[in-house]
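Structural characterization, general
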Amino acid sequence: MVVHETLLSRLKDKTLVVEAAKVGSKWAQNAADGTRFDVVNPATGEVLASLPALSAEDARQAVVDAKQAQKLWAKRTGKDRSVVLKRWHQLWIDNADDLALILTCEQGKPLAEARGEILYGASYLEWFAEEAKRIYGDIIPSHAENLRILVMKQPVGLVGAITPWNFPNAMIARKVAPALAVGCAMVAKPAAETPLSMLALAVLADRAGIPQGLFSVITARSSSEFGKEMTSNPDVAKITFTGSTEVGRILMRQGADQIKKLGLELGGNAPFIVFDDADIDAAVDGAMAAKYRNAGQTCVCANRIYVQSAIYETFVEKFSAKVSELKVGNGLDAGVTIGPLINAASVAKVREHIADALDKGGEIVVGGGVSDLGPLFVEPTVIRGATATMAVSREETFGPLAPVFRFETVEEVIALANDTEFGLSGYFYARDMARIFRVAEALEVGIVGVNTGLISTEVAPFGGVKQSGLGREGSRYGADDYLEIKYVCLGGQEV
Ligand code: NAP
């Protein structure tokens with residue numbers, strides 16, 4: 001046991017941190033070859049815990065157990081599944097402080113944000129626990145007098161899940177809640193940087209009475225072996241993945257031979273547009289929330305801020321003043337609003353985007369440097385005079401850099417906003433009603449925030465168009481991703 005004192009001394013329930021993986025119905029303390037990997041606190045560099053580096057063989061065993069467990073789980077009534085999931089939800093809420101602490105220690109975000117993520121994750125479990133009772137089929141008016149047409153919805157079966165490090169609790173919550181609610185089983189692999197949060201949920205799942213084998217958490221240094229096993233194992237019906245578009249493409253190619261079903265929540269390059277009729281102060285607040293939450297490491301992050309010419313200077317001034325008030329530091333410290341980035345590659349990408357923007361005529365208004373707090377801390381930065389030739393206009397920065405672009409007309413900004421292969425989210429601030437409808441309809445994205453910078457909720461469908469993904473998470477539509485439609489044609493009816 002190497003669990004670090006920073007974490008251990010603050011936990012109310014120390015058993016929530018485990019240095020083992022959940023493989024089917026068993027907790028595995030060690031890999032067959034004895035290899036392990038460390039989980040490191042990005043704020044301090046301290047090793048938090050050591051976990052077994054499991055292999056494809058372990059994932060295969062989890063699939064065997066899950067297959068058996070799923071058959072029995074799917075036979076239970078929706079109400080019965082709902083009761084079990086609600087118990088898990090209650091434990092999730094009861095342990096929110098501890099889960100938030102674990103999350104901040106392994107991921108870096110400020111504690112208040114981490115707590116928000118735990119409650120947001122829990123809200124999916126509550127929502128889908130309710131939905132478990134409402135998986136309705138259909139009776140369709142028949143085309144023939146002696147036939148009846150029934151439509152049933154059935155669970156797809158066993159689902160393999162791969163999740164990223166930026167929301168270690170919420171990303172698995174959005175997958176496991178609908179999957180289990182409709183009668184599926186799940187074998188999941190958390191990102192190597194942040195596995196402790198998902199393992200803590202597996203501990204609570206055991207306590208809640210989630211049947212053994214139904215939810216596995218496989219730990220490993222890299223996800224590629226796990227991805228190959230899930231895409232090639234004929235007992236896995238579907239893969240659900242949240243992460244970069246690049247890895248989404250790999251999984252799609254790997255799953256092609258078996259026509260594997262896919263749910264993909266991929267990268268974004270969100271435009272955030274401020275029109276000249278907007279409430280500028282509200283737009284500044286919205287941009288702060290959409291840009292700097294989780295130090296800019298969210299898939300729905302405002303990546304490109306477009307401001308109409310007449311209000312450009314005023315917006316840049318007010319926005320920069322707010323950005324300069326952000327407090328960078330260890331997420332466990334009071335008052336900190338920006339934590340460290342997850343790793344050195346993320347820091348390098350932000351620095352490259354800043355250097356490229358400066359080369360191409362951009363000007364730094366706030367920030368621009370690395371902080372002296374440690375190698376993974378980056379100063380929140382605002383760049384004015386951003387243009388379409390800059391890397392930041394095409395690529396997701398995934399860090400605390402806000403480039404502000406100037407535009408003149410509605411047509412021009414719609415064309416700029418849509419000039420990307422991504423289509424996850426977009427935001428705009430305006431007051432004119434006709435303009436609001438026109439722009440909301442024209443943006444090529446799956447999610448639009450109008451006069452708000454915060455759009456995530458369990459009651460609405462979350463997902464992208466273009467190369468930002470396939471399928472939706474959350475809302476009544478979210479259950480469909482884990483269901484098959486079966487049509488039954490009932491003959492021999494009396495005429
Ligand atoms: P990433 O490199 O794609 O990593 C995400 C996950 O993919 C990790 O668990 C990683 O595991 C795994 N992975 C990497 N290579 C793999 C392979 N060959 N086969 C199977 N799995 C593999 O993405 P990231 O840069 O760390 O995360 C940020 C990205 O996620 C951004 O693009 C962001 O927009 C996107 N994201 C999207 C949403 C959404 O809902 N649309 C939400 C959050 C994040 P290991 O690191 O353990 O190998």
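Rules used in this analysis
- Residues numbered from 1 in each chain as written.
- Predicted model: local features only at pLDDT ≥ 70, side-chain atom pairs only at ≥ 80, totals over all residues.
- Heavy atoms only, no water.
- 1 Å grid on protein atoms, 1.4 Å probe; cavity = no way out; pocket = protein on both sides within 12 Å on 5 of 7 lines; lining within 4 Å.
- Points joined across faces, edges and corners; volume = space filled by probe spheres on them.
- Helix = DSSP H or I, 4+ residues; strand = E, 2+ residues; numbered from the N terminus.
- Nonpolar A, V, L, I, M, F, W, Y, C, P; charged D, E, K, R; others polar.
- Domains from an automatic or database assignment.
- Near = heavy atom within 4 Å.
- Polar contact = N/O pair within 3.5 Å; in protein donor to acceptor, adjacent residues only side chain to side chain.
- Areas by Shrake-Rupley, 256 points an atom, 1.4 Å probe, with all protein chains shown as cover.
- Sits in = over half its atoms within 2 Å of the grid points.
- Pairing = 2+ DSSP bridges.
- Axes fitted to C-alpha atoms, helices over the stretch in contact; angles between N-to-C directions.
- Parallel < 35°, antiparallel > 145°, perpendicular 65-115°, else oblique.
- Left-handed = near helix turned anticlockwise from the far one by under 90°.
- Contact = heavy atoms within 4.5 Å.
- Expected span 1.5 Å × (residues − 1).
- Buried < 20%, exposed > 50% of the residue type's maximum accessible area, 1.4 Å probe, protein only.
- Arc of directions from axis to C-beta.
- Salt bridge = Lys/Arg side-chain N within 4 Å of Asp/Glu carboxyl O.
- Core = buried A, V, L, I, M, F, W, Y, C linked by side-chain atoms within 4.5 Å.

Let's talk about the layout of surface pockets
Any space left empty among the atoms is revealed by the rolling of a water-sized probe across them. In this model, the largest pocket occupies a volume close to 950 Å³. As for the largest pocket, its lining consists of 42 residues, of which P164, W165, G243, S244 and V247 are closest to the centre. Elements supplying a minimum of two residues to the lining of the largest pocket: helix 8 (224–232), strand 10 (238–242), helix 9 (245–255) and helix 12 (344–359). In terms of residue count, the dominant contributor to the lining of the largest pocket is helix 9 (seven residues). Counted by class, the lining of the largest pocket contains 17 nonpolar, 15 polar and 10 charged residues. When residues of the lining of the largest pocket are assigned to domains, at least three fall in each of domain 1 (5–266 + 469–485) and domain 2 (270–457). By volume, the second largest pocket is sized at about 280 Å³. In terms of lining residues, the second largest pocket is bounded by 16 residues, among which E117, Y120, F167, R293 and S456 are the most central. Every element with two or more residues in the lining of the second largest pocket is listed here: helix 5 (111–131) and helix 6 (170–182). Here the residues of the lining of the second largest pocket sort into eight nonpolar, three polar and five charged. Both of domain 1 (5–266 + 469–485) and domain 2 (270–457) provide at least three residues apiece to the lining of the second largest pocket.

Examining the site of the ligand
Taken together, 30 residues sit near the ligand, with T163, W165, S223, S244 and E396 positioned nearest. The contact in question runs from an oxygen atom of the ligand to an N or O atom on the side chain of R174, over 3.1 Å. E265 has a polar side-chain atom sitting 3.4 Å from an oxygen atom of the ligand. About the coverage of the ligand: the protein hides 85% of its 910 Å² of free accessible area. Cavity membership is defined here by more than half of the atoms lying within 2 Å of grid points; on that basis the ligand lies in the largest pocket.

Topic: the sheet that holds strand 20 (residues 483–490)
Spatially, the three strands line up as an open sheet ordered 5-6-20, and their pairing is antiparallel. With partners counted over all chains shown, the strands left at the sheet margins are strand 5 (138–140) and strand 20, one partner each. The average undirected angle you get between the axes of adjacent strands in this sheet is 25 degrees. Bridge count between strand 6 (residues 148–155) and strand 20: eight bridges; the pairing is antiparallel.

Focus: the packing of helix 14 (residues 410–418) against helix 15 (residues 433–442)
Look at helix 14 against helix 15: their axes get within 10 Å of each other, and the N-to-C directions meet at 25 degrees. On the basis of the axis angle, helix 14 is roughly parallel to helix 15. With respect to the hand of their crossing, helix 14 and helix 15 are arranged in right-handed fashion. Of helix 15, the residues touching helix 14 (which contributes V410, E411, I414 and N418) are R435, R438, V439 and A442.

Concerning helix 11 (residues 312–323)
End to end, helix 11 covers 16 Å across 12 residues, agreeing with the expected 16 Å (1.5 Å per residue, within 8%). Looking at helix 11, one finds that the buried residues are Y312, F315, V316, F319, S320 and V323. Projection of helix 11 onto a plane perpendicular to its axis shows the buried side chains occupying an angular sector of 120 degrees, all on one side. Those residues of helix 11 that are buried lie in contact with strand 12 (270–274), helix 10 (280–292), strand 13 (302–308), strand 14 (363–366), strand 15 (381–386) and strand 16 (401–407).

Observations concerning the sheet that holds strand 16
With mixed pairing, seven strands are arranged side by side in an open sheet as 14-15-16-13-12-17-18. The open sheet is flanked by strand 14 and strand 18 (447–450), the only strands paired with a single partner. The sheet shows a mean angle of 25 degrees between the axes of neighbouring strands, direction not considered. Here strand 14 pairs with strand 15 via three bridges, running antiparallel. Opposite I364, over in strand 15, you have I383 as the bridge partner. Where helix 12 meets the sheet, its contacts fall on strand 14, strand 15 and strand 16, and the angle it forms with strand 15 comes to roughly 35 degrees.

What about the pattern of salt bridges?
In a structure, side chains of opposite charge can pair up when their charged atoms sit close to one another. By the definition in use, this model includes 26 salt bridges. The partner of E444 in a salt bridge is K466, with the nearest N and O atoms 2.7 Å apart. Residue E444 is located in the loop between helix 15 and strand 18, and its partner K466 is located in the loop between strand 18 and strand 19 (469–470); the two are separated by 22 residues in the primary sequence. Judged by relative accessible area, K466 falls into the partly exposed class, the value being 37%. Through salt bridges with shared partners, a single ionic network connects K86, E130, E131, K133 and R134.

A look at the nonpolar core
Core analysis: the biggest nonpolar cluster contains 94 residues, and L7, W88, M186 and F215 have the highest contact counts within it. Core analysis: the second largest hydrophobic core is formed by 65 residues, A278, Y429, A430 and F462 among them.

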